[in-house]
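Coordinate inspection notes
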Amino acid sequence: ISSRASTILSALDISPEKELPGVYDGKWRGTGDVLESVCPTTGEVLARVHSATPEELQTALQKTREAYTFFRSVPAPRRGEILRQIREALAAKREELGALVSLEMGKIRTEGVGEVQEFVDIADYAVGLSRMMNGRVVASERPGHSILEVPNPLGVIAVLSAFNFPVAVYGWNLSLSLAAGNATLWKPSPSTPLCSIAVTKIVSGVLEKNGIPGAVAGLVIGGKDVGESIVESQDVDMVSFTGSEAVGRQVGKVVQSRFGKVLLELGGNNASIVMPDADLSMAVPAVFFGAVGTAGQRCTSTRRLYLHRSIASEFLERLQALYASVTPGDPLHASTLLGPLHTRSAMDIYTGAIDRLRAADAEILVGGGQYTDLSSPLDRGNFVMPTITVPKSTDVGLALWKTETFAPILSVAVFDELEEAVQWNNGVPQGLSSSLWTKDLRNVGKWIGPAGSDAGIVNVNVGTSGAEIGAAFGGNKSTGWGRESGGDAWKQYVRWSACTINFSDDAPLAQGVQFPA
Ligand code: NAD
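My aim in this report is to walk through the structure given alongside it, one point at a time. (Residues numbered from 1 in each chain as written. Predicted model: local features only at pLDDT ≥ 70, side-chain atom pairs only at ≥ 80, totals over all residues. Heavy atoms only, no water.)

Concerning the overall build of the protein chain
Note the following rule: Here a strand is any run of E in DSSP of at least two residues, a helix any run of H or I of at least four, and the numbering for each starts at the N terminus. Restricting the calculation to C-alpha atoms gives the radius of gyration, and the globule rule supplies 2.2 Å times the number of residues raised to the power 0.38. Burial classes follow relative accessibility: with a 1.4 Å probe on protein chains only, a residue under 20% of its type's maximum area counts as buried, one over 50% as exposed, and anything between as partly exposed. The contact criterion used throughout is that any non-hydrogen atoms of two residues lie within 4.5 Å. Surface accessibility in these figures is a Shrake-Rupley result with a 1.4 Å probe; residues are shielded only by whichever protein chains are displayed. Charge counting follows a simple rule: Lys and Arg are positive, Asp and Glu are negative, and His as well as the terminal groups are ignored. Lysine's charge is taken at NZ, arginine's at CZ, aspartate's at CG and glutamate's at CD.
Counting its regular elements, the protein chain contains 15 helices and 24 strands. Relative to a compact globule of 517 residues, whose C-alpha radius of gyration would be 24 Å, the protein chain shows 24 Å and is just as compact. Considered along the principal axes of its C-alpha atoms, the protein chain spans approximately 80 × 60 × 35 Å. Here the protein chain holds 517 residues, and 56% of them are scored as buried. Contacts in the protein chain between residues far apart in sequence, at least 24 positions, make up 75% of those at least 6 positions apart. Summing over all exposed atoms, the protein chain offers an accessible surface of approximately 21,100 Å²; the carbon and sulfur share of this is 54%. Across the protein chain, 45 positive and 54 negative side-chain charges occur, with their mean positions spaced 3 Å apart.

Following this line, the structure appears as structure tokens:
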């Protein structure tokens, strides 16, 4: 492999010369089908990784269960201390791991490093949480009785994650799950195996040093088959799934049908609304980052832009000037703003969406194609032009408005009244992120209130993408209603027991029921 790649991999203790085992359950194993990790920037094969065979998956599930049985009795503050060490180990490799995210996923370096920072942040949060996962004492109506609400560890948590956040999404889940006393089994995206191997090496190093079974944070690399087997398994108490709406719909049904717990973080179709009084010097760069950042491959990417008629032409002029400044490049270079799409098939999805826009007579203001003049090795990368389009119709019921296309395509419409824009904002199936730009407090009240945005993330003078870990993260409607990361998200990673305890010499029934009468 190129020296560019081998420097990054060897800094993370990964030797790409041989085929790598893709299963960790206390020991590294893996003899199943071989997956290739392909660099989206150059097309280079970075490594070959053995996925889990069905038997290896079953063994990993069994080891995870055993690890849970051990780990649930470790006191929560002690679990927090282990998380603190994981946080330190991750922070020590922040730059190297961030570079691997750029190399394998394709996002630019500052975002790759930012993703590792997000894991560090949530680990910090969970260290604190490990001393604050409190239950409650509830007043009983019966004399001499107390009611406790007790959070206990839940069991085995499977984390199925998407390609676009190959480190942070696992970090959100692992940190809360570990603080809560669970064992976690991770099935990452099959196209980012190296990120998951590097993270698992760092985490397992800490577990092993502390005498904790490695299967507290296990790994099974594989594709759809491995994912399906995990989702169907009665050995998995909760499935935390991050990915597309189409797959999430299946996962939700299957887990529900066996009465397991499921947490869904699915697609977004996020809008920014710009009012006449908005500060455009803030709004224009924020929309630019939201739509072009990560080459449009964030669940929170800005895909729809609703402009008030009075500022629409000025806004678009300024936005187009920023688009004109973007050139594609190696995401590992500090000056690059636009990296590649993650896969070849993502390029086809982009091209298909542009073709459909053209067929519907949408105006293409900027972009709308692939780069033809890139020099080697970028000419083998998955680069597409960030696109701004003005569809002919504003009907949000049309596929071109209501479908998430995971690529840098921004669709624009012009409105006259805030109510109309909010209706468009809410008119699509997804409900992840949304953003309003205004200085008028009355608009803010409407936006965040009962008749406002129905998304899980409702920002004001902040773009749709780039959330912090402190609040619970997630979306409504077809985004799946899941909440991860901060806020009260931890409460899903425990099993709650309502315990009524009688300290009295009598055994009265609730509600004054007499039996026998
Ligand atoms: P995807 O749905 O193709 O894959 C997600 C995961 O599911 C992968 O690990 C994949 O191997 C696995 N999988 C595929 N078929 C399966 C099946 N039948 N049963 C079980 N598992 C299966 O998604 P992707 O292309 O990797 O990621 C992009 C999508 O993820 C976008 O829609 C994006 O919006 C969404 N996403 C959402 C969030 C969020 O927090 N809401 C965050 C990141 C990404």
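Still more to cover.
What to know about the packing of helix 3 (residues 76-92) against helix 7 (residues 193-209)
Here is the rule: For helices, the axis comes from a line fit to the C-alpha atoms of the stretch in contact; other axes are also lines fit to C-alpha atoms, and the angle between any two N-to-C directions lies between 0 and 180 degrees. In these notes the angle categories are as follows: under 35 degrees is roughly parallel, over 145 is roughly antiparallel, 65 to 115 is roughly perpendicular, and the rest is oblique. A clockwise turn of the near helix away from the far one marks a right-handed crossing, whereas an anticlockwise turn of less than a right angle marks a left-handed crossing. Polar here means any residue outside two lists: the nonpolar Ala, Val, Leu, Ile, Met, Phe, Trp, Tyr, Cys and Pro, and the charged Asp, Glu, Lys and Arg; Gly therefore counts as polar.
Helix 7 packs onto helix 3 with a crossing angle of 140 degrees between their chain directions and a minimal axis gap of 9 Å. With respect to helix 7, the element helix 3 is oriented oblique. In terms of crossing hand, the pair formed by helix 3 and helix 7 is right-handed. Here I82, Q85, I86, A89 and L90 of helix 3 lie close against helix 7, whose contacting residues are I202, V203, V206, L207 and K209. Across the contact of helix 3 with helix 7, the residue classes tally to eight nonpolar, one polar and one charged.

A short note on empty space enclosed by the protein
Cut-off, in case you're wondering: Here a cavity denotes grid points, spaced 1 Å and computed from the protein atoms alone, that fit a 1.4 Å probe unable to get out, and a pocket denotes an open set having protein on both sides within 12 Å along at least 5 of 7 lines; residues with an atom within 4 Å of a point are the lining. Grid points are joined across faces, edges and corners, and a volume is the space filled by probe spheres set on the points.
Under the definition given, this model contains one cavity of 30 Å³ or more. One number sums up the size of the largest cavity: a volume of about 50 Å³. For the lining of the largest cavity, the secondary-structure elements that each account for two or more residues are strand 18 (430-431) and strand 19 (433-437).

Some remarks on the sheet that holds strand 8 (residues 156-160)
Test applied: We call two strands paired when DSSP finds no fewer than two bridges between them.
The sheet built from seven strands is open, its strands ordered 3-2-10-9-8-11-12 with mixed pairing. Each edge of the open sheet is held by one strand with a lone partner, namely strand 3 (28-29) and strand 12 (261-265). As paired elements, strand 9 (residues 183-187) and strand 10 (residues 217-220) share three bridges and run parallel to each other. Bridge pairing in strand 10 places W186 opposite L219. Here helix 8 (residues 224-232) sits on the sheet in contact with strand 8, strand 9, strand 10 and strand 11 (238-242), set at roughly 150 degrees to strand 8.

Considering the pattern of salt bridges
One side chain can pair with another of opposite charge once the charged atoms of both are near each other. Worth spelling out the cut-off: Each reported salt bridge corresponds to a side-chain nitrogen of Lys or Arg within 4 Å of a carboxyl oxygen of Asp or Glu.
For the structure on display, the rule yields 18 salt bridges. Salt-bridge contacts for R65 lead to D237; the nearest nitrogen and oxygen are separated by 2.9 Å. With a gap of 172 residues between them, R65 in helix 2 (residues 54-71) and D237 in the loop between helix 8 and strand 11 connect regions that are remote in the sequence. Here R65 falls in the partly exposed class, since its relative accessible area comes to 27%. The partly exposed category is assigned to D237, whose relative accessible area is 23%. With a shortest N-O distance of 2.9 Å, R84 and E81 are connected by a salt bridge. In this pair, R84 and E81 are both assigned in helix 3, three residues apart and thus about one turn of the helix distant. Classification of R84 by relative accessible area gives partly exposed; the value is 35%. Connected through shared salt-bridge partners, R87, E88 and D124 make up one network.

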